[in-house]
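Read off the chains here:
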Amino acid sequence: MKKKTISKDRPKKRFTDLVGVDFSTTATKVVRLKQSKDGIALAGLDMLPAVDFGQTASRMELPRDITTYYGCLSYTGPAAVVRMVNTQLGAEEENVTEAKLRELLNVTEEYRVSARLVKRGKGRQDSSLLAAAIPDDDARFLLGMFPSGPPAPTSLELSGLSFVSAFLHACGDECAESTVCLLETGESISHFVFLSKGEICLVGKMPFGARALREKLGKDLGVDDELAASILSDRSINISASLSSVLEPFIKQLSISKDFIERHQGCRVSKVYVSGGLSILSSFDEEIGNLLHSEVVRWDPLRNIHCEEGALSAEMKQEATRFAAAIGAAIGGLEEQ
């Protein structure tokens, strides 16, 4: 959920050149996108070391070829909250007060909160809002990394929401009339989002990721974390048994959400789209499909983005799925007019 820094009292600036920066546990993903009359083009892509939130924020220097005047930030925060909330809204109301929103999200005043109306309730029915909360300390830390000069942050949002903008740009047309599930996996946190006709209808966060799988492999095979990581990236080794046992309890939660959506929306979740580090594993989509009894699709966040021939190495193309949140953050800024 974006935290806009532009005043409502002046016209919004039209951005045509933005850098998206996604701060995750294992790396900082950076992408530069440019908007032209022919669409969106990739101007740069890079993976930098992860940032330690336990340290004092220091100025972040981006590679010169990937830096521009303005940037859109996203991050994965263990203490951040993202949820659909339901509440009564007056006929002329589009949102609730911050105090009410904190109450609905069960967070304290030490959180920055934001929400947008998704579905207005009829009569006395509750309205549905997509809501997010970010600890003040996290927000100050991230903004403190860009105290002055380019890039100036124009927004801050959660990676578990920003990747949706990348998905809609890449695959929105093919699911415009259907209900689908998106699953974005990270190092220790994964997010799921259900879309119905292109609109978010349910979101969730799970304490699951690549770390849990490495720990399982280490236990099953009697190897250390470094070797487990190597095995994880080796497509010739069958890790389906370990992957299935790690996935099962979390996919059960996802399955309950899927059943809820299908009952309450009166629809069928047609596909599950996967992205993030674990989606690179050759057996990941098969295991997800078996556990959810659904068709699973790997999607490319660079789809529908012009990329010059030879601009990306084969290795970086394979890693592109890890840039979904950074790409989505930048796309959101370009589309915010």
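Nothing here was measured: the structure is a model prediction, and the numbers come from that model.

Let's shift gears to the sheet that holds strand β12 (residues 269–276). Here 5 strands make up an open sheet; going across it, the order is β11-β10-β9-β12-β13 and the pairing mixed. Lying at the two open borders of the sheet, with one neighbouring strand each, are β11 (199–206) and β13 (295–298). The mean inter-strand angle of the sheet, taken between neighbouring strand axes irrespective of direction, is 20 degrees. Here 7 bridges tie strand β9 (residues 179–185) to strand β10 (residues 190–196), and the two strands are oriented antiparallel to one another. Considered in β10, the bridge of Cys-181 is made with Phe-194. Set on the sheet, helix α3 (residues 159–171) makes contact with β9, β10, β11 and β12; between it and β10 the angle comes to about 45 degrees. Docked against the sheet, helix α7 (residues 284–292) engages β9, β12 and β13, running at close to 155 degrees with respect to β13.

Where α3 contacts helix α9 (residues 324–335), the two axes come as close as 7 Å, and the packing angle between them is 70 degrees. Relative to α9, α3 is oriented roughly perpendicular. Together, Ser-159, Ser-162, Phe-163, Ser-165, Ala-166 and His-169 of α3 and Ala-324, Ala-325, Ile-327, Gly-328, Ala-329, Ile-331, Gly-332 and Glu-335 of α9 make up the contact between the two elements. Split by residue class, the contact of α3 with α9 holds 7 nonpolar, 6 polar and 1 charged.

The next subject is the packing of aromatic side chains. Evaluation of the coordinates by the stated rule reveals 7 aromatic pairs. With centroids separated by 5.9 Å and ring planes inclined at 20 degrees, the aromatic side chains of Phe-53 and Tyr-75 adopt a geometry described as stacked. On the criterion of sequence distance, the pair formed by Phe-53 in the loop between β3 (39–49) and β4 (70–75) and Tyr-75 in strand β4 is long-range, its members being 22 residues apart. Exposure remark for Phe-53: the relative accessible area of 32% places this residue in the partly exposed category. For Tyr-75, a relative accessible area of 1% corresponds to the buried category. A centroid spacing of 4.8 Å and a plane angle of 70 degrees characterise the contact between Phe-167 and Tyr-273, whose relative ring orientation is edge-to-face. One end of the pair, Phe-167, is in helix α3; the other, Tyr-273, is in strand β12, with 106 residues separating them in the sequence. When its relative accessible area of 1% is taken as the criterion, Tyr-273 is described as buried. One aromatic cluster in this structure is built from Phe-53, Tyr-75 and Phe-141.

Here we come to the confidence of the model for the protein chain. Predicted coordinates in regions of low pLDDT should not be interpreted in detail. For the protein chain, per-residue confidence averages 89 on the pLDDT scale, and 95% of positions sit at 70 or higher. When the criterion is pLDDT under 50, residues 1–11 qualifies, and its contacts beyond four places in sequence or with other chains add up to 31 contacts.

Okay, the nonpolar core next. By size, the foremost hydrophobic cluster in this structure holds 62 residues, and its most contacted members are Phe-23, Leu-33, Phe-167, Leu-182, Ile-200, Trp-299 and Ile-327. Counting residues per element, this core draws most heavily on α9, at 8 residues. Look past the residues within four positions of Phe-167 in its chain and what remains in contact with it is Gly-172, Cys-175, Val-180, Leu-182, Leu-195, Tyr-273 and Trp-299. Counting residues in each nonpolar core, the second largest holds 31 residues, with Ala-210, Ile-261, Val-274 and Leu-292 among its members.

Turning to empty space enclosed by the protein, a few remarks are in order. In total, this model carries 1 cavity of 30 Å³ or more according to the counting rule given. Lining the largest cavity, in full, are Tyr-75, Thr-76, Gly-77, Ala-80, Val-82, Leu-158, Ser-159, Gly-160, His-191 and Lys-205. Looking at side-chain class alone, the lining of the largest cavity contains 4 nonpolar, 5 polar and 1 charged residues.

The next point concerns the environment of Gly-204. Assignment of secondary structure puts Gly-204 in strand β11. A residue is classified by how much of its surface remains accessible, and Gly-204, at 10% relative accessible area, is buried. When the C-alpha positions of Gly-204 and Glu-110 are compared, they lie 22 Å apart, and in sequence the two are 94 residues distant. In this structure Gly-204 touches Ser-190, His-191 and Phe-192, once residues within four positions along its chain are discounted.

As a volume, the largest pocket reaches approximately 730 Å³. In terms of lining, the largest pocket is formed by 36 residues, of which the most central are Ala-210, Gly-277, Leu-278, Ile-280 and Arg-322. Those elements giving two or more residues to the lining of the largest pocket turn out to be α3, β9, α4 (210–221), α5 (225–233) and α8 (314–319). Element by element, the count of residues in the lining of the largest pocket is highest for α5, at 3 residues. When grouped by side-chain class, the residues that make up the lining of the largest pocket number 10 nonpolar, 17 polar and 9 charged.

The rules we used
- Residues numbered from 1 in each chain as written.
- Predicted model: local features only at pLDDT ≥ 70, side-chain atom pairs only at ≥ 80, totals over all residues.
- Heavy atoms only, no water.
- Pairing = 2+ DSSP bridges.
- Helix = DSSP H or I, 4+ residues; strand = E, 2+ residues; numbered from the N terminus.
- Axes fitted to C-alpha atoms, helices over the stretch in contact; angles between N-to-C directions.
- Contact = heavy atoms within 4.5 Å.
- Parallel < 35°, antiparallel > 145°, perpendicular 65-115°, else oblique.
- Nonpolar A, V, L, I, M, F, W, Y, C, P; charged D, E, K, R; others polar.
- Phe/Tyr/Trp six-rings, centres within 6.5 Å; stacked < 30°, edge-to-face > 60°.
- Buried < 20%, exposed > 50% of the residue type's maximum accessible area, 1.4 Å probe, protein only.
- pLDDT = per-residue confidence, 0-100.
- Core = buried A, V, L, I, M, F, W, Y, C linked by side-chain atoms within 4.5 Å.
- 1 Å grid on protein atoms, 1.4 Å probe; cavity = no way out; pocket = protein on both sides within 12 Å on 5 of 7 lines; lining within 4 Å.
- Points joined across faces, edges and corners; volume = space filled by probe spheres on them.

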